[in-house]
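The chain contents come next:
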Amino acid sequence: MRYLFFLLTLLFIGPVQAVNIAIIIDDIGYRQSDEAVLSLPNSVTLSVLPHTPLGQKLAEQGHHQGNEIMLHIPMQALNGKKLGNGGLTNQMSEQQLKQELTASLANIPYAKGANNHMGSLLTQLDNPMNWLMESLKQKQLYFVDSVTTRYSKASSKAEKHGVPLLRREIFLDNDVSEVALEKQFSQIIEKAKQQGSLVVIAHPYPETVRFLNQNLYRLEAKGINLVHTSTLLPVTMAKSEGASSTQVLR
């Protein structure tokens, strides 16, 4: 009788939806301290800057221990900050931009997707974003819009070209004080449970890595799974007739 009651309860309540979040650690490659990201669980995604002193090595090591790897593409910012090697700018022709991207991907092995590093200027421009998404589509990579400006056209161009798409929703560590990290982490838990899925971006700061190592266990206690970024791609499908079939997490 109890078993029957249990089955009926499940029938009326319906299946429990899994709550999944992806945490992307980007800006990896320049500092020796970046190696500490390998101490994080392998369900964390590592987004690595191309042509950096440690980037290629950390991408290889991360892949071999089970982390998902992304290419962190330097893109021109409104503040004019220096991009470093592999940077994409509005001065590039289509051929130059695509060649630069190809070289960056060759430098960072095992990348399954990409996101923008800075890019508050470039992501607002039609042609560079079209060229970028054409290349990512050809190489069968997904894109995460880091949303460094509210005027970004990266997402709309990804949808146009059929590139699997996600958007960053929360930055964990704009402030690395313990109080600020705890506030953001609590917001991540709350928002993930409300939405069912969430994309978070953080950075390889020693404070961030230490905080995550000390607090990620809390996700499981709240019924939240920490997953590779690509796991979230099928979460929401465009449903309107004639719409792009690109997967989008809003």
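Right, let's walk through the structure included here. On a predicted model such as this, the values are computed, not experimentally measured, just so you know.

Conventions used here
- Residues numbered from 1 in each chain as written.
- Predicted model: local features only at pLDDT ≥ 70, side-chain atom pairs only at ≥ 80, totals over all residues.
- Heavy atoms only, no water.
- Axes fitted to C-alpha atoms, helices over the stretch in contact; angles between N-to-C directions.
- Helix = DSSP H or I, 4+ residues; strand = E, 2+ residues; numbered from the N terminus.
- Parallel < 35°, antiparallel > 145°, perpendicular 65-115°, else oblique.
- Left-handed = near helix turned anticlockwise from the far one by under 90°.
- Contact = heavy atoms within 4.5 Å.
- Nonpolar A, V, L, I, M, F, W, Y, C, P; charged D, E, K, R; others polar.
- Phe/Tyr/Trp six-rings, centres within 6.5 Å; stacked < 30°, edge-to-face > 60°.
- Buried < 20%, exposed > 50% of the residue type's maximum accessible area, 1.4 Å probe, protein only.
- Core = buried A, V, L, I, M, F, W, Y, C linked by side-chain atoms within 4.5 Å.
- Polar contact = N/O pair within 3.5 Å; in protein donor to acceptor, adjacent residues only side chain to side chain.
- Salt bridge = Lys/Arg side-chain N within 4 Å of Asp/Glu carboxyl O.

1. Re the packing of helix 3 (residues 94-107) against helix 4 (residues 126-138)
(1) Moving on: Viewed as axis vectors pointing N to C, helix 3 and helix 4 meet at an angle of 45°, and their least axial separation amounts to 10 Å. Classified by the angle their axes make, helix 3 and helix 4 are oblique. Note on packing geometry: the crossing formed by helix 3 with helix 4 is right-handed. For the pair helix 3 and helix 4, the contacting residues are Glu94, Leu97, Lys98 and Leu101 in the first and Pro128, Trp131, Leu132, Glu134, Ser135 and Leu136 in the second.
(2) Moving on: Here the residues of the contact of helix 3 with helix 4 sort into six nonpolar, one polar and three charged.

2. Structural notes on the packing of aromatic side chains
(1) Moving on: A complete count under the given rule lists one aromatic pair for this structure.
(2) Moving on: Note on Phe185 and Phe211: the rings are 5.5 Å apart at their centroids and 80° apart in plane angle, and the pair reads as edge-to-face. Linking Phe185 in helix 6 (residues 178-195) with Phe211 in helix 7 (residues 206-215), this pair joins segments that are 26 residues apart in sequence. The burial state of Phe185 is the same as that of Phe211; both residues are buried.

3. Comments concerning unusual backbone geometry
(1) Moving on: Look at Asp27: it is not a glycine, yet its phi comes out positive at around 70°.
(2) Moving on: Along the chain, the position of Asp27 falls in strand 1 (residues 19-28).
(3) Moving on: The backbone phi angle of Tyr110 is positive, close to 70°, even though this residue is not glycine.

4. Here we look at the nonpolar core
(1) Moving on: Judged by nonpolar contacts, the single largest core of 55 residues is most densely connected at Ile21, Ile25, Leu132, Leu136 and Phe143.
(2) Moving on: In this structure, Leu136 is in contact with Leu101, Ala114, Leu141, Phe143 and Val163, ignoring residues within four places of it in sequence.

5. Some thoughts on the environment of Asn116
(1) Moving on: Examined against the element boundaries, Asn116 turns out to sit in strand 4 (residues 111-118).
(2) Moving on: Residue classification places Asn116 among the buried positions, given a relative accessible area of 2%.
(3) Moving on: Each C-alpha atom of the pair Asn116 and Val144 lies 7.5 Å from the other, and the pair is 28 residues apart in sequence.
(4) Moving on: Ignoring sequence-local partners within four residues, the contact set of Asn116 consists of His72, Ile73, Met75, Thr123, Phe143, Val144, Asp145, Ser146, Val147 and Thr148.
(5) Moving on: Separated by 2.9 Å, the side chain of Asn116 and the backbone oxygen of Met118 make a polar contact.

6. What about the pattern of salt bridges?
(1) Moving on: Summed over all chains, the structure comprises nine salt bridges.
(2) Moving on: Residue Lys157 is joined to Asp126 by a salt bridge in which the shortest nitrogen-to-oxygen separation is 3.0 Å. Taken together, the residues span a long stretch of sequence, with Lys157 in helix 5 (residues 154-161) and Asp126 in helix 4 at a distance of 31 residues.
(3) Moving on: Ionic pairing is found between Glu159 and Arg167, a salt bridge with its closest N-O pair at 3.8 Å.
(4) Moving on: Of the residues examined, Arg167 reaches a relative accessible area of 16% and is grouped as buried.
(5) Moving on: Salt bridges linked by common partners bring Glu94, Lys98 and Glu134 together as one network.

7. Digging into the packing of helix 6 against helix 7
(1) Moving on: As a packed pair, helix 6 and helix 7 sit with axes 11 Å apart at the nearest point and diverge in direction by 50°. On the basis of their axis angle, the class for helix 6 and helix 7 is oblique. Considering only the axes of helix 6 and helix 7, their crossing is right-handed. Of helix 7, the residues touching helix 6 (which contributes Glu178, Leu181, Glu182 and Phe185) are Glu207, Thr208, Phe211, Leu212 and Asn215.
(2) Moving on: In terms of residue class, the contact of helix 6 with helix 7 is made up of four nonpolar, two polar and three charged.

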